[in-house]
Amino acid sequence: MHATVETPSATHARAIDNDVAMSGAPSSMPGRIWLCKSIICLICLPPLPPNTSAQMLLNVRQSYFYIEGQDCDGNTPLCVKIERSFLLDENRAERASHAAIDPCIEASFMNFGATIIRRLGAVRIGRVSALSYSSAFALGIGLLLGGGAANVYLTNSMIQVLTLPTLLLALLQLDWRTMQPTAKLALWLIAAAALLVVVQLIPLPPSIWTSLPFREKAVTGLGTIEAAIRWAPMSVTPEATLIGALTLLPPLAVFLSVVSLSAPERLLLTLVPLAFGIANAFVGLLQLSQGHDSPGGAIESVGLFNNRNHEAALLYSLIPFAAAWIGALTPSLSLRDNKYDSHAVIKLLAAGVAVFALIVATLMARSRAGVILLMIALAGSMALQPWRSISGDRTRAGGIFALLAVLALMLGLQYGLYRTFARFEDDPFADARVTLARVTAKAALSAAPLGTGIGSFVPIYASIERLEDLVPDRYANHAHNDFLEFALETGAPGVSLIFCFGAWFLHRSRDVWRRFGPDANLLMARAATVSIGLLMAHELVDYALRTDAILVFFAFASALLVPPPRRAGA
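Since we're looking at a predicted model, the values are computed, not measured. (Residues numbered from 1 in each chain as written. Predicted model: local features only at pLDDT ≥ 70, side-chain atom pairs only at ≥ 80, totals over all residues. Heavy atoms only, no water.)

**Re the overall build of the chain**
So, point 1. Looking only at helices and strands, the chain features 26 helices and 11 strands.
So, point 2. Within the chain, the fraction of its 570 residues that count as buried is 49%.
So, point 3. Counting only contacts in the chain whose residues sit at least 6 apart along the sequence, the fraction spanning at least 24 positions is 77%.
So, point 4. With an accessible surface of roughly 27400 Å², the chain has 66% of that area assigned to carbon and sulfur atoms. (Helix = DSSP H or I, 4+ residues; strand = E, 2+ residues; numbered from the N terminus. Buried < 20%, exposed > 50% of the residue type's maximum accessible area, 1.4 Å probe, protein only. Contact = heavy atoms within 4.5 Å. Areas by Shrake-Rupley, 256 points an atom, 1.4 Å probe, with all protein chains shown as cover.)

As structure tokens, this is what we get:
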């Protein structure tokens, strides 16, 4: 798939002033220079017609590139030295005007950009690759702007556009040959989810889609206005299905980019969600202290989210990662010449502040599910602490985390005890979530086995909602049980995907927790299992994963369970 260029005769070659020097060309192919496809992309030229001047491709100045390439048949390896320039000498180009571009250049041009982007992703700035910086950017953008759960928000569209370069770079960096089997299985699950969305958007003939559940009113309406019944997709709301599919682009970009990173790069990347989580915590505490005068007029601790449940979901799911840093840094906190390592002390203090702030902010969010899952997060964070160092000595990581947790709980309950426990005074069976779950389950059974389409919950629920199910001054925007809502929208295929992901998650969790040691990457993988389990449990009573911020973090945590590629871990 590499381009070839016919060179001029020796006289013309000398006239080009040796702009191109070739080494390694076989004697059986005199006068031919085989250029690899990335040469043309470096000069940023559009597709070139035949008889284009070779000088336009080869006359460059200021820096040199050594490009290893092959011919169109995959033969004749050689090395081409190019002198790069952005100033074209028209006279010399005219003397080389009879040079012709080989036809295989057209076939290879589509891959020019891919080659350059792939090489850019492998460029390292210090010890970190460009793909790692791109992953951090995508993850940060999602956490910063993804606090809304509605797909129509402008910020969601901004996130999708801004993370597209990361997605492209991640796709080009994937190498199936060096990928671990668990990573391949995860990619197959992603492909199955994409296929599910495509199937829901495929137009079907009237004889098929009119027989699907919840289509009676559409057929009756078309008959009333005497309109022709045309082909339509399986989804009741195809526009919402398409928007829902686009919402999956940011988490897909984060997941694919993280699985291609090395273990040290993943470890550094965990600092990004922790930084945004601490910022969210302080914004929420500021809102709580200022009340109506706070930015946005929020009287609750919601941070950068729309409601307190999602704020609490991000905060408690980050606690295991902050605890993992305590476990990773504590063994390095040892006496050397009767002095502690100052760098280790500062890092450990930062991790301690993160744990303290996240616990207090979660309590202040006053989310009932958040408070319950916070206790489970603390237990899981305690369990992942290493009790023995590599040398076999006991570590103080568990004791340090327990002390921080107790102090944070005491402070949080002291200032928010009444506000927190007042949320538990309501009868849980009188909550609207019970009614929402019952009606949604009934609709999901009626829509089985194919579902009604992603994003179709609101019109489907409204069509079967009874008068006694209405909640005063409110409408049902979500089922507040994401598993039931997903079953309604995707049917048996979607439920099968959930079970497949659950099996993959349990398999990876078993492998992670069976290993022992204070290794930082192992602790982060354990923290990821705790966070994923907490978020999935929260979906039983809410829809936190329908926000871009929580979803990109969920994708990041899932990627940490995939072993690094062999070349990255070498």
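**Considering helix H21 (residues 432-447)**
So, point 1. Here H21 spans 22 Å end to end across 16 residues, near enough to the 22 Å set by a 1.5 Å rise per residue.
So, point 2. Restricting attention to buried positions, one finds in H21 the residues Leu-436, Val-439, Thr-440, Ala-443, Ala-444 and Ala-447. Buried positions in H21, seen along its axis, are confined to an arc of 140° and lie on one side of it. Every exposed residue of H21 that faces more than 90 degrees away from the buried side is listed here: Lys-442 and Leu-445. (Expected span 1.5 Å × (residues − 1). Arc of directions from axis to C-beta.)

**Re helix H25 (residues 548-560)**
So, point 1. With 13 residues, H25 should reach 18 Å at 1.5 Å per residue; the first-to-last C-alpha distance of 18 Å fits that figure.
So, point 2. For H25, the tally of buried residues reaches 13 of 13 residues, placing the bulk of the element in the interior.

**Some points on the side chain of Asn-309**
So, point 1. With respect to the helices and strands, the residue Asn-309 is situated in helix H17 (residues 308-329).
So, point 2. Asn-309 sits in the buried class, given a relative accessible area of 13%.
So, point 3. Residues contacting Asn-309, with those up to four places away along its chain left out, are Ser-367, Arg-433, His-538 and Asp-542.

**A closer look at the packing of helix H16 (residues 271-290) against helix H18 (residues 342-364)**
So, point 1. As a packed pair, H16 and H18 sit with axes 9 Å apart at the nearest point and diverge in direction by 45°. The pairing of H16 with H18 is recorded here as oblique in orientation. Considering the relative orientation of H16 and H18, their crossing is left-handed. Each of Leu-274, Gly-277, Ile-278, Ala-281, Phe-282, Leu-285 and Leu-288 in H16 lies in contact with H18, whose residues at this interface are Ala-354, Ala-357, Leu-358, Ala-361 and Met-364.
So, point 2. Grouping the amino acids of the contact of H16 with H18 by side-chain chemistry returns 11 nonpolar, 1 polar and no charged. (Axes fitted to C-alpha atoms, helices over the stretch in contact; angles between N-to-C directions. Parallel < 35°, antiparallel > 145°, perpendicular 65-115°, else oblique. Left-handed = near helix turned anticlockwise from the far one by under 90°. Nonpolar A, V, L, I, M, F, W, Y, C, P; charged D, E, K, R; others polar.)

**Looking at the packing of aromatic side chains**
So, point 1. Inspection of the entire model under this criterion finds 8 aromatic pairs.
So, point 2. Where Phe-553 meets Phe-556, the ring centres are 6.5 Å apart and the plane angle is 40°; that geometry is what we call tilted. With a gap of 3 residues between them, Phe-553 and Phe-556 both fall in helix H25, about one helical turn apart.
So, point 3. Through successive ring pairs, a cluster of aromatic residues spans Phe-501, Trp-504, Phe-505 and Phe-554. (Phe/Tyr/Trp six-rings, centres within 6.5 Å; stacked < 30°, edge-to-face > 60°.)

**Examining the pattern of salt bridges**
If the charged atoms of two oppositely charged side chains come close together, the side chains can form a pair.
So, point 1. Inspection of every chain in the model, using the stated rule, returns 6 salt bridges.
So, point 2. Arg-508 is the partner of Asp-511 in a salt bridge, and the nearest nitrogen-oxygen pair spans 3.1 Å. Of this pair, Asp-511 and Arg-508 both sit in helix H23 (residues 482-514), 3 residues apart, roughly one helical turn.
So, point 3. Here the salt bridges do not stand alone but share partners, grouping Asp-482, Glu-485, Glu-489 and Arg-546 into one network. (Salt bridge = Lys/Arg side-chain N within 4 Å of Asp/Glu carboxyl O.)

**Observations regarding a nonpolar patch on the surface**
So, point 1. Together, Phe-137, Leu-154, Met-158 and Leu-162 make up an exposed nonpolar region whose accessible area comes to about 370 Å².
So, point 2. A total of 3 residues in the nonpolar patch trace back to one element, the largest contributor, which is helix H8 (residues 154-162).
So, point 3. Among the secondary structure elements, Leu-154 is positioned in helix H8. (Patch = residues over 30% accessible without salt bridge, like charges linked within 9 Å, V, L, I, M, F, W, Y side chains within 5 Å.)

**Here we look at the packing of H17 against helix H24 (residues 520-538)**
So, point 1. Interaxial distance between H17 and H24 falls to 8 Å at its minimum, and their mutual angle equals 160°. By the criterion of interaxial angle, the relationship of H17 to H24 is roughly antiparallel. Handedness of the crossing formed by H17 with H24: right-handed. Contacts between H17 and H24 involve Asn-309, Ala-313, Tyr-316, Ser-317, Pro-320, Phe-321, Ala-324, Trp-325, Gly-327 and Ala-328 on the former and, on the latter, Ala-520, Leu-523, Met-524, Ala-527, Ala-528, Val-530, Ser-531, Leu-534, Leu-535 and His-538.
So, point 2. Its residues assigned to classes, the contact of H17 with H24 comprises 15 nonpolar, 5 polar and no charged.

**Considering the nonpolar core**
So, point 1. Core analysis: the largest hydrophobic core is formed by 93 residues, its most contacted members being Phe-255, Phe-321, Ile-359 and Phe-556.
So, point 2. Beyond its immediate chain neighbours, meaning those up to four positions away, Ile-359 contacts Ile-319, Leu-374, Leu-378, Ala-405, Ala-408 and Leu-409. (Core = buried A, V, L, I, M, F, W, Y, C linked by side-chain atoms within 4.5 Å.)

**Some points on the side chain of Asp-548**
So, point 1. Turning to its location among the elements, Asp-548 is positioned in helix H25.
So, point 2. The buried charged residue Asp-548 lacks any salt bridge, with Arg-546 as its nearest oppositely charged partner at 10 Å.
So, point 3. Other than its neighbours up to four places away in sequence, Asp-548 contacts Gly-142, Gly-146, Gly-148, Asn-156, Ile-159 and Thr-247. (Lys, Arg positive; Asp, Glu negative; His and termini not counted.)

**Concerning unusual backbone geometry**
Excluding glycine, residues mostly carry a negative phi; peptide bonds, for their part, are mostly trans.
So, point 1. Each neighbour pair has its own omega, and for Ala-448 with Pro-449 the value is 5°, a cis peptide bond.
So, point 2. Within the secondary structure layout, Pro-449 lies in the loop between H21 and helix H22 (457-464).

Distances and angles like these do not, on their own, reveal function.
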